[in-house]
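Spelled out from the first residue to the last, the chains are:
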Amino acid sequence: MLDIIIYCALILLIAVAFLLGGRVMIASRRLHICVRYLAWFMLFVTLVNFQQWIVFLELPNFFPEVFLLFLPIQLLTSPFFLFFVIFFLDHPLKEKKVRFWVFAPFLIFLLVHFYMKADIVGNDLSYAVAMERYFPIIKLEEAVTLFYGLFTCLWSLQMIRRFEHQYKNKKYDHVIAQTAWLKKIVSLGIALLALWALSLLFDLVSVYRLGNYIYLPAWFGYLFLIIYIGYSGFVQTSVLTERQELNRLIRSRVMNPNFNAVEKADDSTRKYFQKLESLMASEKIFLNPYLDLHTLAKEVAISPNYLSKVINSHAQVHFSDYVNTYRVEYAKNMLSATEFRDYNMLSIALEAGFNSKSAFYTAFNKLAGHTPGYYRSSS
């Protein structure tokens, strides 16, 4: 009874993963190129789990020809995930010829698979005999897959850190707010690889023979990861594509929000406020989601305390409301544009300089007096 439940749960998750992968594959034609690599990664991981499901059912014992259809597709998951990261981060490697060597492990073991299949067919070997004869090669392939996956994850983390370091002092970037999601995916991948490695080690050295049951946690883990990537990754990459279009069409517009300015007899602070206004309106420094009082004070070349005094005196608001006023005005331009009617609110929030959709809604409600959705519908 337990076996039947496991069989059904696995095939259900595999079916969901296939559907999500297919959905992403179809949508990839109109989205960012990195989505294509994400879709291929999802489909290959799902196919690997489907192959393992067939083994778990012990179908090759009854239909040996099924085993002849198996390919080392697990060695394709790392290259496609690597390409996804490279194109998602707009890494310079996308312009270089790196595609052959990343597929080298797959090509090598593909030749090995052809040799094994020729031997099985030529000598009419049963599945049990073939598995016994080629057991070391199969486990070597599994070990290479594990090490290659770990190498890919660590390399991806290095690219992410370099990317964040490269843009840490920039006033604006359209991807950096997304790296937290990408790091979460890579970290989950490393954890699942570690679980898989422990299962393999236990299978090789333990006196307890649990068979394929020892791999069930890793299999279920990878299926849940694919389903998570299929849902959240589609949203993330869709947002990335929308933000690129928003940035291209909106960035050139000038922002001039109205503040309740106070005329001062002492003009000593006015020149700093004018410089600040130039930074905000022309250079759009407010689009930096990590902008704080200290960073802005360095741009104006005064102390943070003095900058706070300048903003309070001339704009009659605190620093956070001053910056968010520009962000809200910027968002209004996007919300009122007919070409962006169907765009995700998260895309608009991030493009306007907010770190999250919740922060965007809170600031918009406070400064505009209603929700972004209401503003869009009434524009």
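The coordinates are above.
Residues numbered from 1 in each chain as written. Predicted model: local features only at pLDDT ≥ 70, side-chain atom pairs only at ≥ 80, totals over all residues. Heavy atoms only, no water.

A. Fine view of helix α11 (residues 293–300). All of the buried residues in α11 are Leu-296, Ala-297 and Val-300. Projection of α11 onto a plane perpendicular to its axis shows the buried side chains occupying an angular sector of 105 degrees, all on one side. Opposite the buried face of α11, at more than 90 degrees from it, the exposed residues are His-294 and Lys-298. Each element contacted by the buried residues of α11 is listed here: α10 (270–281), α12 (304–315) and α13 (319–335). Ala-301 lies just past α11 and shows a positive phi near 70 degrees. (Buried < 20%, exposed > 50% of the residue type's maximum accessible area, 1.4 Å probe, protein only. Helix = DSSP H or I, 4+ residues; strand = E, 2+ residues; numbered from the N terminus. Arc of directions from axis to C-beta. Contact = heavy atoms within 4.5 Å.)

B. Seen up close, a nonpolar patch on the surface. Nonpolar side chains collect at one region of the surface, where Phe-100, Trp-101, Leu-107 and Phe-151 lie side by side and expose about 440 Å² of accessible area between them. As for its placement among the helices and strands, Trp-101 is situated in helix α5 (residues 99–102). (Patch = residues over 30% accessible without salt bridge, like charges linked within 9 Å, V, L, I, M, F, W, Y side chains within 5 Å. Areas by Shrake-Rupley, 256 points an atom, 1.4 Å probe, with all protein chains shown as cover. Salt bridge = Lys/Arg side-chain N within 4 Å of Asp/Glu carboxyl O.)

C. Highlighting the nonpolar core. Of all hydrophobic cores here, the largest spans 70 residues; its most connected members are Leu-10, Phe-41, Phe-84, Leu-89, Met-159 and Leu-182. Among the secondary structure elements, those contributing two or more residues to this core are α1 (2–27), α2 (34–56), α4 (74–88), α6 (104–122), α7 (127–166), α8 (179–205) and α9 (216–250). Per element, the largest residue contribution to this core is 13 residues, and it comes from α2. Met-280, Ile-302, Tyr-343 and Ala-363 belong to the second-largest nonpolar core, a separate cluster that totals 38 residues. (Core = buried A, V, L, I, M, F, W, Y, C linked by side-chain atoms within 4.5 Å.)

D. Inspection of the packing of aromatic side chains at higher detail. With the rule as written, the count across this model stands at 24 aromatic pairs. Ring geometry for Phe-50 and Trp-53: centres 5.9 Å apart, planes at 20 degrees, overall stacked. In this pair, Phe-50 and Trp-53 both sit in helix α2, 3 residues apart, roughly one turn of the helix. By relative accessible area, Phe-50 is classed as partly exposed at 29%. Relative to Tyr-375, the ring of Phe-364 has its centre 5.9 Å away and its plane inclined at 65 degrees; by these criteria the two rings are edge-to-face. One end of the pair, Phe-364, is in helix α15 (residues 357–368); the other, Tyr-375, is in helix α16 (residues 372–378), with 11 residues separating them in the sequence. For the pair Phe-364 and Tyr-375, one class covers both residues: buried. In this structure, Arg-327 packs its charged tip against the face of Phe-354, placed 5.7 Å from the ring centre. (Phe/Tyr/Trp six-rings, centres within 6.5 Å; stacked < 30°, edge-to-face > 60°. Lys NZ or Arg CZ within 6 Å of the ring centre and 35° of its normal.)

E. Structural view of the pattern of salt bridges. Under the defined criterion, the tally for this structure stands at 4 salt bridges. A salt bridge links Lys-332 to Glu-329; the nearest nitrogen and oxygen atoms lie 3.5 Å apart. Of this pair, Lys-332 and Glu-329 both sit in helix α13, 3 residues apart, which is roughly one turn of the helix. Judged by relative accessible area, which is 18%, Lys-332 ranks as buried.

F. Geometry of the side chain of Glu-141. Along the chain, Glu-141 turns up in helix α7. Salt bridges are absent for the buried Glu-141, whose nearest opposite-charge side chain, Lys-117, sits at 8.1 Å. At 2.8 Å, the side chain of Glu-141 and the side chain of His-113 are in polar contact. If we ignore the near neighbours within four places in the chain, the residues touching Glu-141 are Pro-72, Gln-74, Leu-75, Phe-109 and His-113. (Lys, Arg positive; Asp, Glu negative; His and termini not counted. Polar contact = N/O pair within 3.5 Å; in protein donor to acceptor, adjacent residues only side chain to side chain.)

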